[in-house]
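Per-entry structural report
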Amino acid sequence: MIGGLANFVLETATSPGTGAFILNGPETGRRPFSAAFRSGQAVFYFADDGSNAEWGLGTLTIGTPSTLARTTILGTTSGSTQALNFTGTVEVYNEIPAERIPILDESGDLTILNGHQFSTVGLYTEVSGGVYDTNLIKGTAPNGTIYQIVMREYAGSHYSMLHYIYDGTNFHIYEMPQTPYNGGRLICPAGTGAVLSDLDNYQPAGDYATAQSLAAEAQTRAGADGTLQTNINNEAATRINADNALQTSIATETQARITGDNYLNSIKANLGGGNNLTGQQVITDGNQFATMGVYSAVAGNSYDTSLIKGAAPNGTIHQIALREYAGSHYSMLHYIYDGTNFSIYEMPQTAYNGGRLQCPAGTGAVLSDLPTSGTIAGGYYTKVGNVLTQTFTVLAKRGDTIVYPIAFSGVPNPPQITPCQAVDADTGSSGVTASGFTLYMARSDSVELSISISGPA
């Protein structure tokens, strides 16, 4: 859940107990929640009665009065994540808790994956009436290309995922809408994306006969035959020998016409269907595509089947291919060549690499790859991808079983054990499992220890 954040938002609530905050209105110089957020939106909050405080994410319901439900409690001054029982006046204000603040490095970058920098915003902006954009990931690739991923809400209609790419010259937007809109087809700079079923609606360009042209040709032939027969009849009396020669020529011409008609019929496509097309078929509707339907070996046991390829009106070469990694998986490949840069976008089956997009900038990230952190008994934890790290303190003696605050999904790495005080304590571990380990220590008395351990989440 991503919390909303706005400036100068502060209201009061009276004796909410452990339930939702019934908002009384803003204090002087501050704004109400209803002026900064939408009804039903998740927002960050702090609640403070002067002695105790609670913070987390709440769900705003705008009304008379407005209410803020305490949906997710991230922490309290009592050290728990349970709702505090407020019995007096409470100030409720909008601020981001420390648990949700990303830590930037000395260059001001937030490093998430493979050394690339992303900026996760999580705020929405109204693009136009009833259209809202929520920025998910944005940043700059090492070569300077600016990219951004946005969730767009067309209120009352559908949602779309938008990919923005700016290479310093061209600005590209790729929109992937929900299936009910536009049949779930990709909307890209070249136009609406095609799928295999769309090929059934195309007819190769060519010279097609029509009923009108056939009728006109038949009429022309009938007129010519009539004229020819009239001439033959007029000359019959005086040109018997010529008539025989003419009859021979007519028979020869008739055969040639039949042969020509048969050839024309063999190379024309039937608009009613039933055609058996061979060779490369060129389909032109402003964009050029060539449907191949044959495969070629790329390397080893990898094979490419070209589905669509051609050149866009601006000269950019594009191709879509199905790649088979024999014995492993299939991927859809999108090739783009703009005369300078050759880009390949690979969309593998889910079983390979978790179904992540492979693109020129690297492996595509998903929300589950983002790092998370929080408090645990005696310390804190961080989770980056599938790696969980826990750091906590315990009071223990030799032979005690140390149980992790959060169990791992598999056996973690050996723990790092450090005494919290300056004491002579030779320490070690044995029997490391997903839930804990046995403490070895030269001393027999209890010592406060700091434990740090990493393993699969």
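Residues numbered from 1 in each chain as written. Predicted model: local features only at pLDDT ≥ 70, side-chain atom pairs only at ≥ 80, totals over all residues. Heavy atoms only, no water.

**A look at the overall build of the chain**
- Summing up its helical and strand segments, the chain has 2 helices and 32 strands in all.
- When burial is assessed residue by residue, the chain has 27% of its 457 residues classed as buried.
- Considering only contacts within the chain whose residues lie at least 6 apart along the sequence, 38% involve residues at least 24 apart. (Helix = DSSP H or I, 4+ residues; strand = E, 2+ residues; numbered from the N terminus. Buried < 20%, exposed > 50% of the residue type's maximum accessible area, 1.4 Å probe, protein only. Contact = heavy atoms within 4.5 Å.)

**Some thoughts on the packing of aromatic side chains**
- One pass over the structure, following the stated rule, counts 7 aromatic pairs.
- Summarising the aromatic geometry, the rings of Phe-21 and Tyr-45 are spaced 5.7 Å apart at their centres and angled 65° between planes, so their arrangement reads as edge-to-face. Of this pair, Phe-21 sits in strand E2 (residues 21–26) while Tyr-45 sits in strand E3 (residues 42–48), and the two are 24 residues apart along the sequence.
- Classification of Tyr-45 as buried rests on a relative accessible area of 0%.
- Their ring planes at 35° and their centres at 6.2 Å tell us that Tyr-404 and Phe-437 sit as a pair that is tilted. (Phe/Tyr/Trp six-rings, centres within 6.5 Å; stacked < 30°, edge-to-face > 60°.)

**A short note on the sheet that holds strand E30 (residues 427–430)**
- Ordered in space as E28-E31-E30, the 3 strands form an open sheet in which the pairing is antiparallel. Both outer strands of the open sheet, strand E28 (401–403) and E30, are each paired with one neighbouring strand and no more. For this sheet, the mean inter-axis angle between neighbouring strands, taken without regard to orientation, is 40°.
- Summarising the sheet, E30 and strand E31 (residues 436–441) pair through 4 bridges and their orientation is antiparallel. Looking across to E31, one finds that Ser-430 is bridged to Thr-438. (Pairing = 2+ DSSP bridges. Axes fitted to C-alpha atoms, helices over the stretch in contact; angles between N-to-C directions.)

**Here's the deal with the pattern of salt bridges**
- Evaluated as defined, the whole model comprises 10 salt bridges.
- Across the pair Asp-133 and Arg-152 runs a salt bridge whose closest N-O atoms are separated by 2.7 Å. Taken together, the residues span a long stretch of sequence, with Asp-133 in strand E10 (residues 131–140) and Arg-152 in strand E11 (residues 146–154) at a distance of 19 residues. In terms of burial, Asp-133 and Arg-152 fall into one category: buried.
- Through salt bridges with shared partners, a single ionic network connects Glu-217, Arg-221 and Asp-261. (Salt bridge = Lys/Arg side-chain N within 4 Å of Asp/Glu carboxyl O.)

**A word on the sheet that holds strand E32 (residues 447–456)**
- The antiparallel open sheet is built from 5 strands, whose spatial order is E25-E26-E27-E32-E29. This sheet does not close on itself; its edge strands, each paired only once, are strand E25 (372–376) and strand E29 (416–419). Neighbour to neighbour, the strand axes of the sheet diverge by 20° on average, direction disregarded.
- Sheet analysis places strand E27 (residues 387–396) next to E32, joined by 10 bridges and oriented antiparallel. By the bridge assignment for E32, Val-394 is matched with Leu-449.

**Some remarks on the confidence of the model for the chain**
- On average, residues of the chain score 85 in pLDDT, and 89% of them reach the 70 mark or higher.
- Contacts of residues 113–122 to residues separated by more than four positions or lying in other chains number 31 contacts, the stretch itself having pLDDT below 50.
- Within the model, pLDDT remains below 50 along residues 288–292, and this stretch shows 24 contacts once partners closer than five positions in the same chain are excluded. (pLDDT = per-residue confidence, 0-100.)

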